[in-house]
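# Structure assessment
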Amino acid sequence: IKGSFFQPEIFCTVSIINPSSFTVTIDGIKGDIFYQQQYIANVESLQAIPITANGTVTTEIKIIPTVSGTLNIIQQFISRSIANEFFFKGHVWVTGIPISINQKISS
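Just so it is clear, the structure is predicted and the values come from calculations on it, not from any experiment.

About the criteria used
Residues numbered from 1 in each chain as written. Predicted model: local features only at pLDDT ≥ 70, side-chain atom pairs only at ≥ 80, totals over all residues. Heavy atoms only, no water. Phe/Tyr/Trp six-rings, centres within 6.5 Å; stacked < 30°, edge-to-face > 60°. Buried < 20%, exposed > 50% of the residue type's maximum accessible area, 1.4 Å probe, protein only. Lys NZ or Arg CZ within 6 Å of the ring centre and 35° of its normal. Helix = DSSP H or I, 4+ residues; strand = E, 2+ residues; numbered from the N terminus. Contact = heavy atoms within 4.5 Å. Core = buried A, V, L, I, M, F, W, Y, C linked by side-chain atoms within 4.5 Å.

A few words on the packing of aromatic side chains. What the rule picks out here adds up to 1 aromatic pair. With centroids separated by 5.9 Å and ring planes inclined at 70°, the aromatic side chains of F34 and Y39 adopt a geometry described as edge-to-face. Classification of Y39 by relative accessible area gives partly exposed; the value is 34%. The ring of F34 carries K89 above its face, with NZ or CZ at 4.8 Å from the centroid.

Shown next, in the form of structure tokens:
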């Protein structure tokens, strides 16, 4: 977590797996993060990430939370009732091809 209270920035480390037999490039990631079906943050990473055939890359992605989203997450952490109910809805561009993603984020 970086930034300030009014402009918080959360950085998330993710692993991306390339199950194919050829090298691909992640051209961009853009979408929204939801916690318990409530929109809490925007995600945008436009850095190119090459991944070799059958390889895995670990990268850091900047998440820009809303003020209400930040307060909701802080409240959940303080009450120790936070659940792994984070979802990503958006697109990942793989070698120029947009792929829609709507899935739970696991830790």
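On we go.
This part covers the side chain of S45. Topologically, S45 is positioned in strand β4 (residues 38–45). Setting aside residues up to four positions removed in sequence, S45 forms contacts with G28, I29 and I61.

Here we come to unusual backbone geometry. The phi dihedral of N54 is positive, around 55°, even though this residue is not glycine. Along the chain, N54 falls in the loop between β5 (49–51) and β6 (56–65). Phi angles above zero are rare outside glycine, and T95 is one such case at about 50°.

Once that is clear, we can look at the nonpolar core. Among the nonpolar cores identified, the biggest contains 17 residues, and I26, I29, I33, V43 and I51 are the most heavily contacted of them. Listing elements by their share of this core, those giving two or more residues are β3 (24–35), β4, β5, β6 and β7 (86–94). Sorting elements by how many residues they give to this core places β3 first, with 5 residues. Among residues more than four places away in sequence, those in contact with I33 are Q38, Y39, I40, A41, V43, I63, F86, F87, F88 and I105.

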